[in-house]
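Descriptive analysis of the structure
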Amino acid sequence: MVTFKKDLLGLKELTPEQINLILDTSLVCKDIFQRDIKKVPTLRGKTVVTLFFEPSTRTRTSFEIAAKWLSADVVNLAVSASSVAKGESFVDTVRTIEAMGVDMIIMRHALGGTAQLLAESVQSHVINAGDGVHEHPTQGLLDLFSIRERKGRIAGLKVVIVGDILHSRVAKSNIWGLTKMRAQVTVVAPPTLIPPGLSELGVKVETDLDRALRDADVVNVLRIQLERQTKAYFPTLKEYAQLFGMNRERLRKAAPDLLVMHPGPANLGVEISEEISVHDQAAITEQVTNGVAVRMALLYLLTGGGSKDAVLH
Ligand code: NCD
């Protein structure tokens, strides 16, 4: 039987069997989207806290909806208004929250490794909702789910990840997940935005997007993380858009069934044109929808759910 650890900190630590069970369970969860009443009693009596030290709309809301559809009670902690602002230490803050009987903490933090520190400090389950430039496992999983949904498989697909790899936790989680599921990954970016040691992770590194796209099945376009960039990594946004942006011309030259993905929020006109962001070949809206299903599956599996079909009963 496939089981899970107490926490989900990253895709690096998951096995292909665990990933498959998460994706299969997510598919069952997606069934609830068609229902009039989108609520099942699975997590009744459980309390989930979202603890976001960085601003977020889609990820926090997605977790909240997922927890509510499973009938858990959800508390969103506004961190700036809490005791952290009064100088209480991080560990004290989370222990105080845990002492109130919380079953699961979902945390986003600007520093890599904070999710692990939290997981080691509390008995509650912890899901990492993004820690610095380290990992963003639920985004990686919803990307895998969206690829499998559109393409019918993951193994053997050629997936290009283009953009700000250096500052992207989404890129890291995608690389771990895709390589474990036996996709062929090519990473494309200006040399200044490629972190050292990437090829040791089993991915190809390329600086020419047109060449990489020639036989690609999927392109995952990353946001240029202007807020994390402390120096000039490329001359201008206009030049970046010309060399690394997904636009009509690039889509036309690629395979007719190239799937375009973006984790959002997008800088339209920079890494992706507005036209492509809403194109039939783009899965951006589906990614958001699928995010709820994947997070439902994770809440269920981490809190001890066994069979994938039992989630809805
Ligand atoms: C991602 C993040 O926060 O890492 N966004 C998200 O989860 N909605 C990607 C990004 O910010 O570019």
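Preceding this section is the structure that the text describes.
Conventions used here
- Residues numbered from 1 in each chain as written.
- Predicted model: local features only at pLDDT ≥ 70, side-chain atom pairs only at ≥ 80, totals over all residues.
- Heavy atoms only, no water.
- Near = heavy atom within 4 Å.
- Polar contact = N/O pair within 3.5 Å; in protein donor to acceptor, adjacent residues only side chain to side chain.
- Areas by Shrake-Rupley, 256 points an atom, 1.4 Å probe, with all protein chains shown as cover.
- 1 Å grid on protein atoms, 1.4 Å probe; cavity = no way out; pocket = protein on both sides within 12 Å on 5 of 7 lines; lining within 4 Å.
- Sits in = over half its atoms within 2 Å of the grid points.
- Nonpolar A, V, L, I, M, F, W, Y, C, P; charged D, E, K, R; others polar.
- Pairing = 2+ DSSP bridges.
- Helix = DSSP H or I, 4+ residues; strand = E, 2+ residues; numbered from the N terminus.
- Axes fitted to C-alpha atoms, helices over the stretch in contact; angles between N-to-C directions.
- Contact = heavy atoms within 4.5 Å.
- Salt bridge = Lys/Arg side-chain N within 4 Å of Asp/Glu carboxyl O.
- Buried < 20%, exposed > 50% of the residue type's maximum accessible area, 1.4 Å probe, protein only.

Thoughts on the site of the ligand
The ligand sits among Arg 58, Thr 59, Arg 108, His 136, Gln 139, Arg 169, Val 170, Arg 223, Gln 225, Pro 263 and Gly 264. Arg 108 has a polar side-chain atom sitting 3.2 Å from an oxygen atom of the ligand. Residue Gln 225 places a side-chain N or O atom 2.9 Å away from an oxygen atom belonging to the ligand. Considering the ligand on its own, with 320 Å² of exposed area, one finds that the protein chains cover 93% of that surface. Comparing atom positions with the cavity grids shows the ligand to sit within the largest pocket. Of the residues that constitute the shell around the ligand, the class distribution is two nonpolar, five polar and four charged.

Let's talk about the sheet that holds strand β3 (residues 104–109)
Strand order across the open sheet formed by four strands is β2-β1-β3-β4, with parallel pairing between neighbours. In this open sheet, the two strands that pair with only one neighbour each are β2 (73–78) and β4 (125–131). Each neighbouring strand pair of the sheet contributes to a mean axis angle of 15°, computed without reference to strand direction. Summarising the sheet, β3 and β4 pair through five bridges and their orientation is parallel. Within the sheet, the bridge partner assigned to Met 107 lies in β4 and is Asn 128. Relative to the sheet, helix α3 (residues 90–99) contacts β1 (47–52), β2 and β3, its axis offset from that of β1 by approximately 160°.

Looking at the pattern of salt bridges
Counted under the stated rule, the structure contains 17 salt bridges. For Arg 169, the salt bridge identified is with Glu 54, shortest N-O distance 2.9 Å. One end of the pair, Arg 169, is in helix α6 (residues 169–180); the other, Glu 54, is in the loop between β1 and α2 (58–69), and 115 residues separate them in sequence. No difference in accessibility class separates Arg 169 from Glu 54, as the two residues are buried. The partner of Glu 249 in a salt bridge is Arg 252, with the nearest N and O atoms 2.9 Å apart. A residue pair is termed a helical-turn pair when its members lie 3 or 4 positions apart in one helix, as Glu 249 and Arg 252 do in helix α9 (residues 248–253) at three residues. What you see here is one network of salt bridges that share partners, running through Arg 60, Glu 64 and Lys 68.

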